Structures are given as C-alpha cells and as structure tokens.
There are 2 protein chains.
Amino acid sequence: MLSMRSHYCGHLHLAHLDQEVELCGWVHRRRDHGGIIFVDLRDREGVVQVVFDPERPQCFAEAERLRSEYVVRVRGRVRRRPAGTENPDLATGEVEVVAHGLEILNRAETPPFPLDEYTEVGEEVRLRYRYLDLRRPQMLERLRLRSRIVSTLRAFLDGHGFIEVETPCLTKATPEGARDYLVPSRVHPGAFYALPQSPQIFKQLLMMSGFDRYYQVARCFRDEDLRADRQPEFTQLDIEVSFMDEREITLLMEEMIRDLFARVLEVPLPRAFPRMSYAEAVRRFGTDRPDLRIPLELVDVADLVREAEFKVFAGPANDPAGRVAALRVPGGGRLSRKEIDDYTAFVGRYGARGLAYVKVNEAARGREGLQSPILKFLPDEAVQGILERTGAVDGDLVFFGADKAAVVNESLGALRVRLGHDLGLVEHGWRPLWVVDFPMFEWNADEGRWEALHHPFTAPRCDDPEALAADPGAVLSRAYDLVLNGHEIGGGSVRIHRPEMQQAVFRLLGLSEAEAEEKFGFLVRALRYGCPPHGGIAFGLDRLAMLMTGAPSIRDVIAFPKTQTASCPLTGAPAAVSEAQLRELNLRVRHSG
Amino acid sequence: MLSMRSHYCGHLHLAHLDQEVELCGWVHRRRDHGGIIFVDLRDREGVVQVVFDPERPQCFAEAERLRSEYVVRVRGRVRRRPAGTENPDLATGEVEVVAHGLEILNRAETPPFPLDEYTEVGEEVRLRYRYLDLRRPQMLERLRLRSRIVSTLRAFLDGHGFIEVETPCLTKATPEGARDYLVPSRVHPGAFYALPQSPQIFKQLLMMSGFDRYYQVARCFRDEDLRADRQPEFTQLDIEVSFMDEREITLLMEEMIRDLFARVLEVPLPRAFPRMSYAEAVRRFGTDRPDLRIPLELVDVADLVREAEFKVFAGPANDPAGRVAALRVPGGGRLSRKEIDDYTAFVGRYGARGLAYVKVNEAARGREGLQSPILKFLPDEAVQGILERTGAVDGDLVFFGADKAAVVNESLGALRVRLGHDLGLVEHGWRPLWVVDFPMFEWNADEGRWEALHHPFTAPRCDDPEALAADPGAVLSRAYDLVLNGHEIGGGSVRIHRPEMQQAVFRLLGLSEAEAEEKFGFLVRALRYGCPPHGGIAFGLDRLAMLMTGAPSIRDVIAFPKTQTASCPLTGAPAAVSEAQLRELNLRVRHSG
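Residues numbered from 1 in each chain as written. Chains lettered and ligands numbered in written order. Predicted model: local features only at pLDDT ≥ 70, side-chain atom pairs only at ≥ 80, totals over all residues. Heavy atoms only, no water.

An unreviewed UniProt entry annotates chain A as Aspartate--tRNA(Asp/Asn) ligase of Inmirania thermothiophila. Recorded in UniProt for chain A, the comment headed Catalytic activity (unreviewed entry) runs: "tRNA(Asx) + L-aspartate + ATP = L-aspartyl-tRNA(Asx) + AMP + diphosphate". Taken directly from UniProt, the Function (unreviewed entry) text for chain A runs: "Aspartyl-tRNA synthetase with relaxed tRNA specificity since it is able to aspartylate not only its cognate tRNA(Asp) but also tRNA(Asn). Reaction proceeds in two steps: L-aspartate is first activated by ATP to form Asp-AMP and then transferred to the acceptor end of tRNA(Asp/Asn)." (UniProt positions renumbered as here; feature names shortened; annotations may be inferred.)

Written out as structure tokens, the structure reads:
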C-alpha cells in the first residue's frame, strides 16, 4: 500500500500475528489501566487496540499526550490479546498492537458530540459539524454503500453496451420552467441560463444521434421548497435506449436492479418483477406506488351501499367521481376508541371528513355481533355483503372511506401503510413492482384542459393521432414506474418518435404550434430527421441509496445536504450577495414593501 | 440481445454466413444498380450492405421508398459478397444481407449536410443540428472513447479503495468568488447560491471525516468568457487522499494514467514519469507546461551580452527581472525573410518588441559566415559564446529574446512550439512530465502584496509558520502539475493540515483574521478537530479526452458544448427571462445607459 501506513486498523486479525505494522488514524478512545495506556485507534476500516507500555518510556510519554480525535501514526507489533481480554464485538478483537513508535500528526479539540453510533445528536448540530458527523462509522458506511451502489449500476450498464454521456447543467432558459433555477451570466449581463430538472431532451437527442444506449449519473435541480425527502439538487441515474419497447426496457432494467441487490446487499430479488396496471394499483391500494409488504387491501363496496339511506355512503356511491371502499384490518377489533380517534385525525390530513368502521366481534350473531356507529344506517344485505367481500372474521375491524375517489384513495392508502407499521404487519424483505398502463392524460376540471400524467414526450398506446384526439381520456400511455416497498425508485416511458404524434399531443395539451415551437422546437425539428423508436427511465439515486442503506432520511445518504437553516456555512440556506456582484450581473434586488 | 434487432450492423462478418438476422438502423446511402437496390445500413457499430432484390416484390417496393437517414428494421440472410465486390474499407465488407423483410420505422428529411467524415461543415451549422453532427461516425467515436476513458479511470480508483462522493453544486455564495456563477433562489427570494469552481473545500472536509481516499467526476463552473479551449462548465476528475505525501500521490496517479493509456489506447507510457522543477521548466522551455516532444530549448546568454553596447540585449541582461535567451533552430538557416517576419509578428502578440536572429552559414569563416542584422552590435566573444552554448552549426538559425523575463518566456516559449510544428520537429508519441517545486508565493508588484501561485490551501515545503513569514518568496510549495505534450492535464498539492500554518498563509496573503473567518471559517474550524495530512489532484477530463481522441477542439468531446452564438437553442448563449420569473426571484434587470 502506497502511503504512510502498512495496514488499515480495521483489517488486522490473527493472520498478522507478530508482524510489524504502521497504522494511521484517529484516537477513538483512550483508557489508562494498570499503568498501561490503551488506545482504540480508528480509521475508515475500523478500530484496533494499541497498547503503550511504560517499558518504552519515550513512546509512552508521547502517548500520555493523546486525547480523543488526535491524529497519529503508530508503529508496532501485532500480538494476540491476553486470554480473557478478547473483544468479540470488534472485528480486530482477538489482537492488539504493541506500539514502539508514535508520531502525533495533528491535535484535536474536544468534539461537540461523541462520535459513536449510540448518541442521538440533533440534526442542526450534526450539519454544523458535518465533518465530524461523517466520522461516525454509520455515516461513513452509508456513503460507502452509496458509492458501491453507483459503481455496481455503472458496471452493469458498461457491460451492456451503454455509453455514458455528460449533458449540460447550464442550459438555455425557457419562458416556462417554473421550477428551474435560473443562472444570470456575467458574460451576458441580464441574460440567464437554467439548471435542468432532468436531461430529458438531451438524452432523446442522443437517441436521434444513434448512441443507441445512453446513461448518465446526472445532477438535477428543482427550485422548490425543501421537504423531508426532497433536496433542491438530486441525483438521477438517467437511461435511454433505442429500438427497444417497454417490455424489453423493463426486463433489462429489472435485470440491472436484481444484479444490484445481489451484489451489494447479497439479496435475491424475484426472477420476474410483478406487473400491475395503474388502475389495479389504485383500486387495491389507493396509490400508484403500493407497498406490497403490507397485506391490507382496499375493497370497493359502492354497489352495496348505493341504495342505503346513509348519505355519507350513498352520495359518493352514486357519484361517478366518488368512491366507497372498505379496508379490513385483521385483528383490528382490539383497537381502542383512542386509537380509532387518532386514525380519524390521521385520515383528516388527507381530506377525509371521517373514518367509519365496523368491528366484528361475533359474525355468527349477525348485527348483534358487530359494533359500529354507522351500523344503524346500513341495510342488512349491505352489511352482509361488506363482511363477505372483505373476508372479515371475528376479531377484525373494517374501516371505510367514502368521498371523491381521490380523497378515498389518498386517505385509505395512507391509513393502510400506517396500520401496516403500527400493527407490525409489514413483511420482511424487498417487494419490487412495475406499475404500468397509466392514463395518457388527466382532465384538469378547474382549468378545463387535458394535462399529461407523465411528460409530454411519453408515447401513447395508440399509433394514430386522430384516434388519440377522439377520446384522450381513454388512451393509456407507454409509461412504467418501478416501485419498491412503497417508494417509486424509477420511472420512464417509451417516447414519441414521430413528429405528427408529437404535434398531436402538444395540440391536445393546448399548446399552439407557435408555443410548441418556442418551447420544444429543437426537439420537434430533430424528430423530422430520422428519429428511432426509443424510450428510457430515470432512477432516483438518493432515494434508492436511502432504501438500500436503511437510512432514516435522504439527508443521511448525501454528504453535504441542504437545510433550511443557515447554521451550516456550506450546506445551509443561500445568502445575500454584494451590490458589486449584483452590478456585474446587471441585476438589482427588489425592495419589497 | 434484448431489442428489436438480433445484431448490430457493424458486427456482421463471415462467421454469420447464412444466418437470419434482424437489423435496425439508418439508411446511410442507397444505390440502385442493375435493377437491384443496395442500401448501406448504419448503426453505431458500423455499416453493412443490405440488398433488395426485385424477386421479393413487396419488400422491394418498400425499399424503393427509402431515402437517406430513414430509420428501418430489416430482416434478411447474411451471404458472402460476390467475388470482386468485397469492400476492404468496411469491417463488414466481405458480407451483405439479402433482405426479405423491411419495416420503415421513421422517415427523414434530407439532412442539411452529408453525414460522412470527409465533408467540412461550419461549426455554427454543426451545433444547430448537433443531433445530426453527432451521427457522424467520428463524433460518435470520440464520445464513446470519452466514456471509456472515464470508466477506465473509475475502475482504477474503485480498485484502489477510493470512495466516490458527490458534493453539492448549489453552495453558499461568498462575497468573493468573482468567477462563481450565482443562482438566485425562489424559495429564499433575494438570496443566492453559488455554483462551485471546484469541490476543493468539500473534498478536504471529507479527508477530515476520514474517507481516506475520495474521488468524484465533478462538474465545475466558471463564469468567464468562452475561449477556444474553455467552457463555462467543465468536468474534473477530482481526487483527494489522506496519509500520503507528494511522492506517494504522484506515483499512484501516474500508475492510474499509465493504466488508462494502456487500456484505452494500448499505448505504454514510461514506467516512471520524468520530474522537473518549475524553475528548470521555465528556464529551458519558457513555460511550466513544456511540450517535451519538441527538441528545442531556450539557452540563457545574458552573461555573454552584459557588456555589449547593444542596449536591446545589455539592458535586460543587466536587469534582475530581465532575461536574454537564445533558441537554436536546427536547419533554420533556410527560413526566408518573409517567414522570419511572420515569426516576429507572432512573438509580438506575446509582447516581444522584436525578434533578433543569427543565421549560421559557415561557422568556420567566423563573422563572415554568419548573417544577422544585430551582428555588428555584438563583440566577437559574445557571438562565439552564443554559438558554442547553443551548439549552433552550419545551416542553423538562432533566435533571441531579450526583455523582462516574463515576456521572453512567453514569447520564446510560444515560438518554440510553433517552430516545432512548422518545421515538422514534433516527435511522435506521449511525453508526460511532472512539474514540481513551484514557488509558494508570487509578489504582485502592482498591488504590493503576495499572491498564492496555487490556491491558499497548498502546503509550503516548510513546517514552521515563522520561517515562512521570514522570506515568503524563497519558499517552495508542495504542488505538482502533470503535463502531457504541452498541456496541463492535472494539478494538485499536499494541503495544509495544521490550523496555525493555514492562518500564517492567510496572513501572508493579506487576509485579516476576520476575513479569513468569513471566507474560509468552516475549513479553518474543521482543521482544529483532528485533520489528517492529506493532498490531492484534479484532472481536466475535457482536455484529457481531447488529447486522447485527437479531437481538434474541446467542443468535439462534449456532446452539447456552449457557444457564443445563439444559433443553437440548447447549447447557445443564455437568454432573457420574463418579468414574472424575475419577480418570483425578487430581482430586476438594471437598465444600462
């Protein structure tokens, strides 16, 4: 090894007995015991015990100066620890290094928090001292695993003929792009670049250029509020291929993800990922990114309550935009009043105006065996039908959602996940799922126009621009999302490759030819010069790393994440700049008020 | 292969004889000959000839519709080309595919320029139709090679224990950073992020966190005028290591570069790269990035002309900041008056006020055998001394530079390179060179202060802050540049790891403690908590790719480069944005004039 050391601390074991070693690292802990100094020496590979013996007075005197986080270089000999003093919790716990040389490379002030895995430290302090926070073995391990995730994905793609191409971060600003960061230029004062939300257009152009298989680990930007799992800059594994359809693309991508989990986590994922239509996912789970580890499902019961006098149910049941669904909770009969109230408040956050339920105490006794505030409003057949359809048995509870479909889906979908966790129903392991057959368009009733469910380059499942225009709401797209344990980790589609279809879609979205030209002219012109059939996908690497490392937050797999507070000089909020800087950019800050 | 094709066009050869194949690609050329249609079908791997025979009338009729750049899918059988019709220029030239199925996947308008390697096309047109320009095999090949360069470098680093860590693009703006792009935020109107010129501070923090070996293929930004070889965004292979000194770092890096050239170009680089001090490089070649392929050297002759009456030489020869140097040009005696005038104009661009020369016709005849406008101003011993020291022989010419040292170095350094190319003296091959022993500081006489030759985190070759302050001009730094064929491809240094030394350097650079705190407080505070000895390097990947692919410009190894013209909607200059967008950012464009 070409460095000041012969070994990493964490790599030493019995095979090194009696070897002379040189180690570099940090003083993790120092203990003085029986006139001897014991130092746990730490580097990125782990910790080893170093022993300083007063029989070597010079070295011992130097060791007496050591304090936590001092940086040192040690020369010594590896020996077996005395019987009874082995540390089975430590990979190096059977050996120790008897030092005969010590060089203090740097001193350290006392860190503001202990660098172990056990101490809970507030995030603000962690970020202000990020260089210390990242010394904690857990953080280092997460970022190392992230590095392995990326290199494993790259190796797969390199091995499958993909060409990595870098696309620009500074792109031309467009009049739209409400979430684009704008970048004023000194060289062209008053003019702006934009930071891309994704390399979408560039990668499609590369397909038109015949690159055939492209990928990039691309930094993307979105000028939006921070949320728990969202950073203003994020990293995407961006992929595009030509001459492949959605079946071929998704099969190749699931091979890649299987390869990733096998190599990095040594976990076998299913040989074929299940596929589910958007419609089925929403019907059964209230969401297009269902967590299949949770064995709870929504069941439609509108037909059973349509005639009921209970308006709360009958209203939505008779509304074409409404939904009435039941969610059976096995063993939910033991939920307390208080718990049910909590869940009622919880679904309220998603717009639900209440949370009806039925507890099944003794189904055999009919109505008498049930317990529910709404029982009296429902006819016998409805109650019986609901029990049969949900499969509820004694000890279960059935929750209901009745409202606009969107509200029912969101609220019961969220409740399903929460119940899964609260009741310990979440199965162990990884449950990937392709969600497919998305609608091409959604009707925006407020603005009276069609909107694209994905981006406007997504191909419809129909080849005829006229058929598309005839009934836009009925057309499915050739999009696909990869969902893992309830998180969307990737999304993509086959793209439109014929200019007539692209124009038809723009027209349906209400873009005039001039607007389409202004916004997407480059792409539309390029389509005219021989564009191959193509499609692609993008994976959110931050989220994938969060899932695979088991990190509690996306900020734990980003070395220097952004925060709302200005406490951390490097990762904090943006700052005011000087008048001179603004003048160079030909800009002025408006004075509000 | 999981796609609509069974093979790539360019992969077919005799081993595929009689196989049924499916190909996808572009119509590169169509020829009709003897009632048969021949199509050169192109994909990224190459071209193969496809034959459409009227004996299959349906397929033939479809083929009659084919035009250049149509996208097609062909089914056919591979056969040996008839004797005498093989094409040795084509990798697939021994075979052809007899089509029995043809599907037109997309049509194409006639491209604005032919997509071959032979046609010269103006850069403006190339960029406006970049998606077509990139179809040209040469461009595709360059970008593929670039992709291989990056993946080979990554493989080396992954294999040597380096951890890839992504650092932020959106960082906190500082009052300095005159070349930082500033990014206003919608979420914090009136406040700005800055795009980093390099991840320097972040990678040093990662060393303080114990990552030990870090790398990143990092996008960097510089808000400066475009030049021939400079883009406002560029890509850097950024590396940092702990517990290694400059010798260890440079040895590991040259191992990496050797591995790169061996794998990608199959070229063996020298087993040990030569090393040269900054002083020697400037003395012998007038520059700190000498092109060692050119066997011309500057020779100091000030001592020989110090007593001459010729003020043009004697002035600089007696000026401590002056330099008088000779450049022997073997065979330069045949340069014409016109050529010498051109070179005089050339060095004028670098500030030289003339270009004295001596032609050696017959040295044996003494002065009589020489030809020079300045001969009469120089004493015999000076002339004799110059001929001896430069080793000039009959048929040679000696150029002179006499001025401030900086002017002589720049002008004769540039002339040396130009002469090497003009006279065909450039040796074949790759000549790497480490330039080391840079001065730590340069005196800025105009502003009366010391400036850092590298960045202010570079370690001096002296450990004592007081010694440093005593004679700053004499201190060398622990920096190193890797030069290849006259281009600086990488540069780095061992960094300061002790807070006292960092403070001393800031003081020497004229930064008050408060200013240092404001600009670099984060780093200086971090140094106090146990910073390991560390250092690193950054390689300019765009330039490396340009050199390794033999591309004429850096823009030829960037898929979507920036230009000054607005002709290309995606790669062009920045644009004005709307009033609404500015309002969201709390900004106003100043109206000049």
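Draft legend 1. Here's a closer look at the overall build of chain A. When helices and strands are tallied, chain A shows 17 helices and 24 strands. Along the longest, intermediate and shortest principal axes, the C-alpha atoms of chain A span 95 × 75 × 60 Å. Taken over 593 residues, chain A has a buried fraction of 58%. Restricting the contact set of chain A to residue pairs at least 6 apart, pairs at least 24 apart contribute 67%. Accessible surface computed for chain A: about 24300 Å², of which carbon and sulfur atoms make up 48%. (Helix = DSSP H or I, 4+ residues; strand = E, 2+ residues; numbered from the N terminus. Buried < 20%, exposed > 50% of the residue type's maximum accessible area, 1.4 Å probe, protein only. Contact = heavy atoms within 4.5 Å. Areas by Shrake-Rupley, 256 points an atom, 1.4 Å probe, with all protein chains shown as cover.)

Draft legend 2. Representation of the UniProt feature "binding site: L-aspartate" (unreviewed entry) in chain A within the structure. All names here are of chain A. When the UniProt feature table is mapped onto this chain, "binding site: L-aspartate" (unreviewed entry) is found at Glu176, Arg222, His454 and Arg495. You can see histidine 454 is positioned in the loop between strand S20 (449–452) and helix H13 (465–470). With residues near it in sequence (within four places) discarded, histidine 454 still touches Phe438, Ala479 and Asp481.

Draft legend 3. Spotlight on the UniProt feature "site: Important for tRNA non-discrimination" (unreviewed entry) in chain A. Residue and element names in this part refer to chain A. Annotation from UniProt places "site: Important for tRNA non-discrimination" (unreviewed entry) at His33 and Gly84. Within the secondary structure layout, histidine 33 lies in strand S1 (residues 20–33). Mapping glycine 84 onto the fold places it in the loop between strand S4 (71–80) and strand S5 (95–106).

Draft legend 4. Representation of the interface of chain B and chain A. The partner chain A presents 132 residues to the 132 residues of chain B that form the contact. Carbon and sulfur atoms supply 58% of the area buried between chain B and chain A, which totals about 11900 Å² over both sides. Considering only the side of chain B, the residues that lose the most area to chain A are B:Phe243, B:Tyr529 and B:Arg590, jointly responsible for 8% of the buried surface there. In this structure, the connection of chain B to chain A is made through 12 salt bridges. Across the pair B:Glu166 and A:Arg146 runs a salt bridge whose closest N-O atoms are separated by 2.9 Å. If one sorts the elements of the side of chain B that touches chain A by residue count, helix H4 (residues 137–159) of chain B sits on top with nine residues. The residue makeup of the side of chain B that touches chain A, split by class, is 71 nonpolar, 24 polar and 37 charged. (Buried area = accessible area lost by both parts, 1.4 Å probe. Salt bridge = Lys/Arg side-chain N within 4 Å of Asp/Glu carboxyl O. Nonpolar A, V, L, I, M, F, W, Y, C, P; charged D, E, K, R; others polar.)

Draft legend 5. Representation of the pattern of salt bridges. Applying the stated criterion to the full structure yields 111 salt bridges over all chains. Note that A:Glu45 is salt-bridged to A:Arg44, the shortest N-O span being 2.8 Å. On the basis of relative accessible area, A:Arg44 is assigned to the buried category, the value being 8%. Taking the shortest distance from any N to any O, the salt bridge between A:Arg337 and A:Asp341 comes out at 2.9 Å. One end of the pair, A:Arg337, and the other, A:Asp341, are both in helix H10 (residues 337–348), four residues apart, so they sit about a helical turn from each other. Via salt bridges that share partners, A:Arg146, A:Arg219, A:Glu233, A:Asp542, A:Lys562 and B:Glu166 belong to a single interconnected network.

Draft legend 6. Representation of the sheet that holds strand S9 (residues 192–195) of chain A. Residues and elements named next belong to chain A. Within the open sheet, the three strands sit side by side as S7-S9-S8. Their pairing is antiparallel. Two strands in the sheet have a free side with no partner beyond their single neighbour: strand S7 (171–172) and strand S8 (181–184). Sheet analysis places S8 next to S9, joined by four bridges and oriented antiparallel. Within the sheet, the bridge partner assigned to valine 183 lies in S9 and is tyrosine 193. (Pairing = 2+ DSSP bridges.)

Draft legend 7. Quick look at the relation of the copies chain B and chain A. Note on the copies: chain B fits chain A at an RMSD of 0.1 Å, the axial shift is 0.0 Å, and the rotation between them is 180°. The transformation relating the two chain copies, once decomposed into turn and shift, fits a two-fold axis. A symmetric contact is evident, with 100% of the interface residues of chain B recurring at the interface of chain A. (Least-squares fit on C-alpha atoms with pLDDT ≥ 70 in both.)

Draft legend 8. Inspection of the packing of helix H4 (residues 137–159) of chain A against helix H6 (residues 246–265) of chain A at higher detail. Residues and elements named next belong to chain A. Interaxial distance between H4 and H6 falls to 9 Å at its minimum, and their mutual angle equals 140°. The orientation of H4 relative to H6 falls into the category oblique. Taken as a pair, H4 and H6 cross one another with a handedness that is right-handed. Contacts between H4 and H6 involve Leu145, Arg148, Ile149, Thr152, Leu153, Phe156 and Leu157 on the former and, on the latter, Leu252, Glu255, Met256, Asp259, Leu260, Arg263, Val264 and Leu265. Tallied by class, residues from the contact of H4 with H6 come to 10 nonpolar, one polar and four charged. (Axes fitted to C-alpha atoms, helices over the stretch in contact; angles between N-to-C directions. Parallel < 35°, antiparallel > 145°, perpendicular 65-115°, else oblique. Left-handed = near helix turned anticlockwise from the far one by under 90°.)

Draft legend 9. Spatial organisation of the packing of aromatic side chains. If you walk through the whole model with that rule in mind, you get 38 aromatic pairs over all chains. Plain terms: the ring middles of A:Phe522 and B:Tyr131 are 5.7 Å apart, the flat faces sit at 80° to each other, and that makes the pair edge-to-face. Of the two residues, A:Phe522 sits in helix H15 (residues 513–527) while B:Tyr131 sits in helix H3 (residues 130–133), which places them in two different chains. With respect to class, A:Phe522 is no different from B:Tyr131; both count as buried. (Phe/Tyr/Trp six-rings, centres within 6.5 Å; stacked < 30°, edge-to-face > 60°.)

Draft legend 10. Fine view of the sheet that holds strand S16 (residues 370–371) of chain A. Residue and element names in this part refer to chain A. Within the open sheet, the five strands sit side by side as S13-S14-S17-S15-S16. Their pairing is antiparallel. In this open sheet, the two strands that pair with only one neighbour each are strand S13 (298–300) and S16. Examined bridge by bridge, strand S14 (residues 322–329) and strand S17 (residues 397–404) share eight bridges and lie antiparallel to one another. Looking at S17, one finds that glycine 322 is bridged to lysine 404. In the packing of helix H7 (residues 278–285) onto the sheet, the strands contacted are S13 and S14, and the crossing angle to S13 comes to about 100°.

Draft legend 11. Spotlight on the side chain of B:Asp180. Within the secondary structure, B:Asp180 is located in the loop between strand S7 (171–172) and strand S8 (181–184). Buried within the structure, B:Asp180 lacks any salt-bridge partner; A:Arg186 is the closest side chain of opposite charge, at an N-O distance of 6.9 Å. For B:Asp180, the residues in contact, after removing those within four places along its chain, are A:Arg186, B:Thr174, B:Ala194, B:Leu195, B:Gln197 and B:Asp223. (Lys, Arg positive; Asp, Glu negative; His and termini not counted.)

Draft legend 12. Just unusual backbone geometry, in detail. All names here are of chain A. Non-glycine residue glutamate 266 carries a positive phi angle of around 55°. Inspection of the secondary structure assignment puts glutamate 266 in the loop between H6 and strand S12 (275–277). Looking at glutamate 266, the relative accessible area reads 68%, which means it is exposed. A positive phi angle, near 65°, is found at asparagine 586, a position not held by glycine.

Draft legend 13. Inspection of the packing of helix H10 (residues 337–348) of chain B against helix H12 (residues 405–422) of chain B at higher detail. Residues and elements named next belong to chain B. Look at H10 against H12: their axes get within 9 Å of each other, and the N-to-C directions meet at 140°. By the angle class used here, H10 and H12 are oblique. In this structure, H10 crosses over H12, and the sense of that crossing is right-handed. In contact with Tyr343, Phe346 and Val347 of H10, H12 contributes Ser411, Ala414, Leu415, Arg418, Leu419 and Asp422. Its residues assigned to classes, the contact of H10 with H12 comprises six nonpolar, one polar and two charged.

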